[in-house]
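# Reading the structure
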Amino acid sequence: MKSGNTGARHKIRRFGRTDKEGICMDRWKFFDITHREHIICNPMNLEKLEQLITLLPLRPGARVLDIATGKGEFLIRLAERYREMTGTGVDLSPYFIADARKKHQERTPDTRLHFLEMDGARYVPETPESFDLAACIGASWIFGGHRGTLSALNKMAAPESWIVAGEPYWRHEPEREYLEAIGVKRNDFGTHYENADAGREFGLEPVYTLVSSQDDWDRYEGLQWYAAETWASDYRDDPDVEAVLNRVREGRAAYLRWGRETLGWAIYVFRKGSTALS
């Protein structure tokens, strides 16, 4: 889940600028603290990320868009493989954009990548339907949900292009207490089947899914607990220590009590302009 993160949508809602106790905190500072140990800001491992990249062949000069790019790992790894591509990464977090720009200069300074600090919902390409790959991995809240995300990406993706979305899904019906704990409604997420099938509404054919394992989830969640506790120990005088630890510990309890068995996460790969059956 990213702030691009990576995240999941419910974490953006729950960890907004003011928490339920009325304590104000910069949400992007919170995500920077809790994701400082993460290379990718969602519950996917690096091996599966590489698998995804091998499934997305790009022509020389291909144009790639990554909304909610987080620390830019997906876009930079694509550029490492396809040196002649042009990439645009968009994220609202100043911390993550700074990380992405730094990694770009360290790893692929000769590639044409641009990282924009802005709201992905406000990004408008110069030319509609012009990207060979359009992605939003783990931040569908930007466009009002999974279907809204596919609709938005579809309008920016060229014919015969790839569309990639990351989204939570219900592994089974969630308990009311869990929904209340994470601040979402049952209809905010679909099932795995519903997420994959949603593209058909926009003429997008689902061609592959990468599903996070419980180990992937445990790592993603556990690194947040670890990062928060070590940060709090290192910065005891920071005014946000109490707010950060309260939020992370509440999230940990909800994950261990309900979330680990209830909420799944997957990356969905769609093809725009696939061959239609007569």
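Relevant structure appears above.
Here's a quick rundown of the structure.

## Some words on the pattern of salt bridges
For the coordinates displayed, the defined rule picks out 23 salt bridges. Two residues, Arg81 and Glu50, come together in a salt bridge whose shortest N-O distance is 3.8 Å. Of this pair, Arg81 sits in helix H4 (residues 73-81) while Glu50 sits in helix H3 (residues 46-54), placing them 31 residues apart in sequence. Judged by relative accessible area, which is 41%, Arg81 ranks as partly exposed. Note that Glu261 is salt-bridged to Arg260, the shortest N-O span being 3.6 Å. One salt-bridge network, in which partners are shared between bridges, spans Glu50, Glu73, Arg77, Glu80, Arg81, Lys103 and Arg107.

## Structural notes on the packing of aromatic side chains
Inspection of every chain in the model, using the stated rule, returns 9 aromatic pairs. For the pair Phe30 and Phe31, a centre-to-centre distance of 5.8 Å together with 70° between the ring planes defines the contact as edge-to-face. Neither residue differs from the other here; Phe30 and Phe31 are each classed as buried. Connected via pairs of aromatic rings, a cluster forms that spans Trp170, Tyr178, Phe189 and Trp258. The ring of Phe131 has Arg63 sitting right over it, with the charged end atom 4.3 Å from the ring centre. Taking NZ or CZ as reference, Arg247 lies 5.7 Å from the ring centre of Phe30, over its face.

## Re a nonpolar patch on the surface
A cluster of nonpolar residues, Leu55, Val207 and Tyr208, forms a patch on the protein surface that exposes about 220 Å² of accessible area. Of note, Tyr208 is situated in strand E6 (residues 204-211). Exposure remark for Tyr208: the relative accessible area of 33% places this residue in the partly exposed category.

## Considering the packing of H4 against helix H5 (residues 94-107)
Between two packed helices, what matters for the description is the angle formed by their axes and the separation of those axes. Contact geometry for H4 and H5: axes closest at 10 Å, N-to-C directions at 20°. Between H4 and H5, the angle falls in the class roughly parallel. The two elements H4 and H5 meet at a crossing, and its hand is right-handed. Residues Glu73, Ile76, Arg77 and Glu80 of H4 form the contact with H5, whose participating residues are Ala100, Lys103, His104 and Arg107. In the contact of H4 with H5, the residues fall into 2 nonpolar, 1 polar and 5 charged.

## Quick word on the sheet that holds E6
Spatially, the 7 strands line up as an open sheet ordered E3-E2-E1-E4-E5-E7-E6, and their pairing is mixed. Across the chains shown, the open sheet's two edge strands, defined by having one partner strand only, are strand E3 (112-117) and E6. Along the sheet, successive strands turn relative to each other by an average axial angle of 15°, direction set aside. When strand E5 (residues 157-170) meets strand E7 (residues 263-272), the two strands line up antiparallel, connected through 9 bridges. Looking at the pairing, Val164 lines up with Val269 of E7.

## Observations concerning the packing of helix H2 (residues 27-34) against helix H9 (residues 214-234)
Between H2 and H9, the least distance of the axes is 7 Å, while the angle of their chain directions is 105°. When the interaxial angle is binned, H2 and H9 end up roughly perpendicular. Every residue of H9 that contacts H2 at Lys29, Ile33 and Thr34 is listed here: Leu223, Gln224, Ala227, Ala228 and Trp231. Each residue belonging to the contact of H2 with H9 can be placed in one class, and the counts come to 5 nonpolar, 2 polar and 1 charged.

## Looking at the pairing of strand E1 (residues 63-67)
Burial analysis of E1 places 4 of its 5 residues in the buried class, the great majority of the element. Where E1 meets strand E2 (residues 86-91), 5 bridges bridge the pair, whose relative direction is parallel. Paired with Asp66 across the bridge in E2 is Gly89. Between the parallel elements E1 and E2, the chain passes through H4 in a crossover that is right-handed. Inspection of the sheet shows E1 paired to strand E4 (residues 131-137) by 4 bridges, in the parallel sense. Looking at E4, one finds that Asp66 is bridged to Ala135.

## A closer look at the side chain of Arg271
Along the polypeptide, Arg271 turns up in strand E7. Although Arg271 is buried, it makes no salt bridge; Glu160 carries the closest opposite charge, 4.1 Å away. Non-local contacts of Arg271, meaning those with residues more than four positions away in its chain, are made with Glu160, Ser161, Trp162, Gly203, Leu204, Glu205 and Val207.

Definitions and limits used
Residues numbered from 1 in each chain as written. Predicted model: local features only at pLDDT ≥ 70, side-chain atom pairs only at ≥ 80, totals over all residues. Heavy atoms only, no water. Salt bridge = Lys/Arg side-chain N within 4 Å of Asp/Glu carboxyl O. Helix = DSSP H or I, 4+ residues; strand = E, 2+ residues; numbered from the N terminus. Buried < 20%, exposed > 50% of the residue type's maximum accessible area, 1.4 Å probe, protein only. Phe/Tyr/Trp six-rings, centres within 6.5 Å; stacked < 30°, edge-to-face > 60°. Lys NZ or Arg CZ within 6 Å of the ring centre and 35° of its normal. Patch = residues over 30% accessible without salt bridge, like charges linked within 9 Å, V, L, I, M, F, W, Y side chains within 5 Å. Areas by Shrake-Rupley, 256 points an atom, 1.4 Å probe, with all protein chains shown as cover. Axes fitted to C-alpha atoms, helices over the stretch in contact; angles between N-to-C directions. Parallel < 35°, antiparallel > 145°, perpendicular 65-115°, else oblique. Left-handed = near helix turned anticlockwise from the far one by under 90°. Contact = heavy atoms within 4.5 Å. Nonpolar A, V, L, I, M, F, W, Y, C, P; charged D, E, K, R; others polar. Pairing = 2+ DSSP bridges. Right-handed = clockwise from strand over helix to strand, strands pointing away. Lys, Arg positive; Asp, Glu negative; His and termini not counted.

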